Amino acid sequence: MNGAWPAAAGRISPPQRADPVRPGHRWHRGRVTDLLAGPRVPGFDVTPLDRDLAAPRGTRPSGALTAFKLARRQFLEGKRIDMGALAAQVGVNRVTLYRWVGRREDLLLRVLWALTEQNLATQYAVAARNGETGRGRIPAIMARYVRDILSHHGFRTFLAEEGELAMRLGTVPERGLHPRLVRYVELLLREDVELGVRDECVPPQDLAFAAVRIVESFVYSTRITGEDPDPDRPIRILNVLLR
């Protein structure tokens, strides 16, 4: 995220009904956003911000999108997102801001996913550029992702100052971030199956869920066990699990 997060385009798809991931996806055929359109989950209602983020590029910026970009910048700089101050910056009252972007947790979740999505797209492109193939491709992609999030100033500050909230937004299945990460890894696994790199002795969705839970357990280890996060530990396990 040191390189990929700050360059994030900030466009995410609005939450939708969760459809089964179909074999045959090819990442170069469309935006990663299209493939990672997250499931519609309870407590994550579509807001005007979601519609603006999904609008075609070149669309006139809205107040909701302006608020989102300010929030994203504050997060990247390691600053706490304050809804009252954000409303004042945009020039509206808090009621209007909440109507545009939802609650503070909703806004944070959208910021986190927009940055994560861009990072995942970058890691996939790096893997293709490096010629990474075979069973080592997915561990390599996830290794770069883990190292990025644990070295990023904004995320580390968020984790240190609001660790309980960070873990809840990042790991609770009913929220939008966790199921989207599982979907991403599942798509990679299904691609491997199609290429003949691995078989389906374990359903890709189950294997993806296990891989993401391993990553989460070490990323949020400070909250779980009191230990400082160590990016090398989940990477070693993923190399055994996914190779």
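Rules and cut-offs
- Residues numbered from 1 in each chain as written.
- Predicted model: local features only at pLDDT ≥ 70, side-chain atom pairs only at ≥ 80, totals over all residues.
- Heavy atoms only, no water.
- Helix = DSSP H or I, 4+ residues; strand = E, 2+ residues; numbered from the N terminus.
- Buried < 20%, exposed > 50% of the residue type's maximum accessible area, 1.4 Å probe, protein only.
- Contact = heavy atoms within 4.5 Å.
- Areas by Shrake-Rupley, 256 points an atom, 1.4 Å probe, with all protein chains shown as cover.
- Arc of directions from axis to C-beta.
- Phe/Tyr/Trp six-rings, centres within 6.5 Å; stacked < 30°, edge-to-face > 60°.
- Polar contact = N/O pair within 3.5 Å; in protein donor to acceptor, adjacent residues only side chain to side chain.
- Axes fitted to C-alpha atoms, helices over the stretch in contact; angles between N-to-C directions.
- Parallel < 35°, antiparallel > 145°, perpendicular 65-115°, else oblique.
- Left-handed = near helix turned anticlockwise from the far one by under 90°.
- Nonpolar A, V, L, I, M, F, W, Y, C, P; charged D, E, K, R; others polar.
- Core = buried A, V, L, I, M, F, W, Y, C linked by side-chain atoms within 4.5 Å.
- pLDDT = per-residue confidence, 0-100.

So, the overall build of the chain
Here comes step 1: Helix and strand content of the chain: 13 helices and 0 strands.
Here comes step 2: Counting across all 243 residues of the chain, residues that qualify as buried make up 52%.
Here comes step 3: Taking the intrachain contacts of the chain between residues at least 6 apart in sequence as the baseline, contacts between residues at least 24 apart amount to 69%.
Here comes step 4: For the chain, the computed accessible surface area is about 11300 Å², with 51% contributed by carbon and sulfur atoms.

Examining the environment of Pro204
Here comes step 1: Positionally, Pro204 belongs in helix α11 (residues 204-219).
Here comes step 2: Taking relative accessible area as the criterion, Pro204 reaches 5% and is therefore assigned buried.
Here comes step 3: Note: C-alpha distance between Pro204 and Asp192 (12 residues apart in sequence) is 9.8 Å.
Here comes step 4: Setting aside its immediate chain neighbours within four residues, Pro204 contacts Glu186, Leu189 and Arg190.

A closer look at helix α13 (residues 232-242)
Here comes step 1: Here α13 has its buried residues at Pro234, Ile235, Leu238 and Leu242. On an axial view of α13, the arc spanned by its buried residues comes to 100 degrees, and they lie on one face. Within α13, the exposed residues directed more than 90 degrees away from the buried face are Arg236 and Val240.
Here comes step 2: On its buried face, α13 is in contact with α7 (137-151), α10 (177-194) and α11.

Considering the packing of aromatic side chains
Here comes step 1: A full pass over the atoms with the stated rule returns 2 aromatic pairs.
Here comes step 2: Judged by centre distance (5.5 Å) and plane angle (65 degrees), the ring pair of Phe75 and Phe158 falls under edge-to-face. With Phe75 in helix α3 (residues 63-76) and Phe158 in helix α8 (residues 153-161), this pair connects stretches of sequence that are 83 residues apart.
Here comes step 3: Judged by relative accessible area, which is 6%, Phe158 ranks as buried.

Here's the deal with helix α4 (residues 83-90)
Every α-helix carries 3.6 residues per turn, so stepping three or four residues along brings you back to the same face.
Here comes step 1: By the burial criterion, the buried members of α4 are Met83, Leu86 and Ala87. Buried residues of α4 fall within an arc of 100 degrees about the axis and therefore sit on the same side.
Here comes step 2: Between the side-chain oxygen at the start of α4 and the backbone nitrogen of Gly84 there is a gap of 3.1 Å, and the oxygen is on Asp82.
Here comes step 3: Positioned one or two residues after α4, Gly91 has a phi angle of 90 degrees, which is positive.

Comments concerning the packing of α11 against α13
Here comes step 1: At a minimum axis distance of 9 Å, the contact between α11 and α13 shows a crossing angle of 165 degrees. With respect to each other, α11 and α13 are oriented roughly antiparallel. Read as a crossing pair, α11 and α13 show a hand that is right-handed. Between α11, through Leu207, Ala210, Ala211, Ile214, Val215 and Phe218, and α13, the contact on the second element is made entirely by Arg233, Pro234, Ile237, Leu238, Leu241 and Leu242.
Here comes step 2: Broken down by class, the residue content of the contact of α11 with α13 amounts to 11 nonpolar, no polar and 1 charged.

Remarks on the nonpolar core
Here comes step 1: With 59 residues, the main nonpolar core has Phe75 and Leu107 as its most contacted residues.
Here comes step 2: With 11 residues, helix α6 (residues 104-130) is the single largest residue contributor to this core.

Section: the side chain of Asp192
Here comes step 1: Positionally, Asp192 belongs in helix α10.
Here comes step 2: A residue is classified by how much of its surface remains accessible, and Asp192, at 1% relative accessible area, is buried.
Here comes step 3: Those residues in contact with Asp192, other than ones at most four positions away along the chain, are Gly134, Arg137, Ile138, Val197 and Arg198.

Remarks on the confidence of the model for the chain
Close inspection of predicted coordinates is inappropriate for parts of the model with low pLDDT.
Here comes step 1: Summary statistics for the chain give a mean pLDDT of 82 and a share of 81% for residues scoring 70 or more.
Here comes step 2: Element-level mean pLDDT values for the chain span from 41 in helix α1 (residues 32-35) up to 97 in α4.
Here comes step 3: Within the model, the stretch residues 7-43 combines pLDDT values under 50 with 100 contacts to residues more than four positions away or in other chains.

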